[in-house]
Amino acid sequence: DVKVTQSSRYLVKRTGEKVFLECVQDMDHENMFWYRQDPGLGLRLIYFSYDVKMKEKGDIPEGYSVSREKKERFSLILESASTNQTSMYLCASRLTDGAGETQYFGPGTRLLVL
Amino acid sequence: QQQVKQSPQSLIVQKGGISIINCAYENTAFDYFPWYQQFPGKGPALLIAIRPDVSEKKEGRFTISFNKSAKQFSLHIMDSQPGDSATYFCAASKRTGRRALTFGSGTRLQVQP
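No experiment lies behind these values; they were computed from the predicted model shown.

(A) Examining the overall build of chain A more closely. Within chain A, the secondary structure is distributed over zero helices and 11 strands. Counting from the amino terminus, chain A carries its helices and strands in the arrangement β-β-β-β-β-β-β-β-β-β-β. Computed over C-alpha atoms, the radius of gyration of chain A comes to 13 Å, within 12% of the 13 Å expected from 2.2 N^0.38 for 114 residues, which places it in the range of a compact globule. Each of the three principal axes of chain A carries a C-alpha extent, and together these read 40 × 30 × 25 Å.

If you want it as structure tokens, here you go:
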């Protein structure tokens, strides 16, 4: 079974702090994704990576950056956390870029920015 | 700009009833349409998916109906069970270019015993 793990289930940070969210997948998948989930808005793509050191902006990249130094690990960085970044963050991975490939999600990190 | 519109936002169905969730899309470049199921405290998981070359796909009690001309697709859950209570997301991705999924806003389904 594919396993996608996220470093924290719950996180509380202060406005202006630098925040790192880590995601690790154990199935040698090429593609990895970061989404945020908000009630009534569904899942919105922040960034995705189709290979090591490769990244592409999603629909809402403002205020976020990412890092993928190793194939199994994809990090989401909030350079200066703000209250409007309070949300559920979901990481996902996918074997290749082929249409129809299943995305596998981690359990999510619920971030509260005070 | 919401490229995939999902309705209803929430749905309450009696055990044994049929649950129906609808999605509509604008972008004709979409050619893959999955549904994801999310239980509380878990990440979404793929439930069923369809391509536009067929009008219906059935897996057990779950059926996707696809109407290419209307640019709509729907999820039908037959004989709904309390264990089906979850949030359901429709999604779509393009056949070329960036293949990341675009998700609908989600439907919270509650199946009452």
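(B) The arrangement of the overall build of chain B in detail. What chain B contains, in helices and strands, is zero helices and 11 strands. Starting at the N terminus and ending at the C terminus, chain B contains elements arranged as β-β-β-β-β-β-β-β-β-β-β. Expected size for 113 residues packed as a compact globule is a radius of gyration near 13 Å; at 14 Å, chain B falls within 12% of this value. Residues classed as buried in chain B amount to 46% of the 113 residues present. Accessible surface, chain B as shown: approximately 5500 Å² in total, 47% of it carbon and sulfur. Across chain B, 14 positive and 7 negative side-chain charges occur, with their mean positions spaced 7 Å apart.

(C) Structural view of the pairing of strand β11 (residues 109–113) of chain A. Residues and elements named next belong to chain A. The alternating pattern of β11 places T109, L111 and V113 on a buried face and R110 and L112 on a face that is not buried. In this sheet, β11 lies alongside strand β2 (residues 10–13) in parallel orientation, the contact comprising four bridges. Within β11, the residue paired with K13 across the bridge is V113. Bridging between strand β9 (residues 87–94) and β11 involves three bridges; their strand directions are antiparallel. Pairing of Y89 across the sheet is with T109, part of β11.

(D) Broad picture of the environment of V12 of chain A. Residue and element names in this part refer to chain A. In this structure, V12 sits in strand β2. For V12, a relative accessible area of 55% puts it in the exposed group. When the C-alpha positions of V12 and T86 are compared, they lie 9.1 Å apart, and in sequence the two are 74 residues distant. In contact with V12, other than residues within four places in its own chain, are L112 and L114.

(E) Here's a closer look at the sheet that holds strand β1 (residues 4–6) of chain A. All names here are of chain A. The strand order across the open sheet formed by four strands is β1-β3-β8-β7, and the pairing between neighbours is antiparallel. Taken across any chain shown, the strands that pair with only one partner, and hence form the sheet edges, are β1 and β7 (64–70). Strand after strand, the sheet turns through a mean of 20° between neighbouring axes, direction not considered. Of the strand pairs in this sheet, β1 and strand β3 (residues 19–25) are connected by three bridges, and their pairing is antiparallel. Its bridge partner being in β3, T5 is matched across the sheet by V24.

(F) Examining the state of the cysteines more closely. The tally for this structure, following the rule as stated, stands at two disulfides over all chains. The residue that forms a disulfide with C23 of chain A is C91 of chain A, at a sulfur-sulfur distance of 1.9 Å. Between C23 of chain A and C91 of chain A, the S-S dihedral sits near -80°, and the bridge is therefore left-handed. Separated by 68 residues along the polypeptide, C23 of chain A in strand β3 and C91 of chain A in strand β9 bring together distant segments of the chain. By relative accessible area, C23 of chain A is classed as buried at 0%. Residue C23 of chain B pairs covalently with C90 of chain B via a disulfide, S to S 1.9 Å. Judged by the sign of its S-S torsion, about -95°, the cystine formed by C23 of chain B and C90 of chain B is left-handed. Note that C23 of chain B is positioned in strand β3 (residues 19–25) and C90 of chain B in strand β9 (residues 86–94), a separation of 67 residues in sequence. Overall, C90 of chain B belongs to the buried group, its relative accessible area being 0%.

Basis of the calculations
Residues numbered from 1 in each chain as written. Chains lettered and ligands numbered in written order. Predicted model: local features only at pLDDT ≥ 70, side-chain atom pairs only at ≥ 80, totals over all residues. Heavy atoms only, no water. Helix = DSSP H or I, 4+ residues; strand = E, 2+ residues; numbered from the N terminus. Rg over C-alpha atoms; globule rule 2.2 N^0.38 Å. Buried < 20%, exposed > 50% of the residue type's maximum accessible area, 1.4 Å probe, protein only. Areas by Shrake-Rupley, 256 points an atom, 1.4 Å probe, with all protein chains shown as cover. Lys, Arg positive; Asp, Glu negative; His and termini not counted. Charge placed at Lys NZ, Arg CZ, Asp CG, Glu CD. Pairing = 2+ DSSP bridges. Contact = heavy atoms within 4.5 Å. Axes fitted to C-alpha atoms, helices over the stretch in contact; angles between N-to-C directions. Disulfide = S-S within 2.5 Å.

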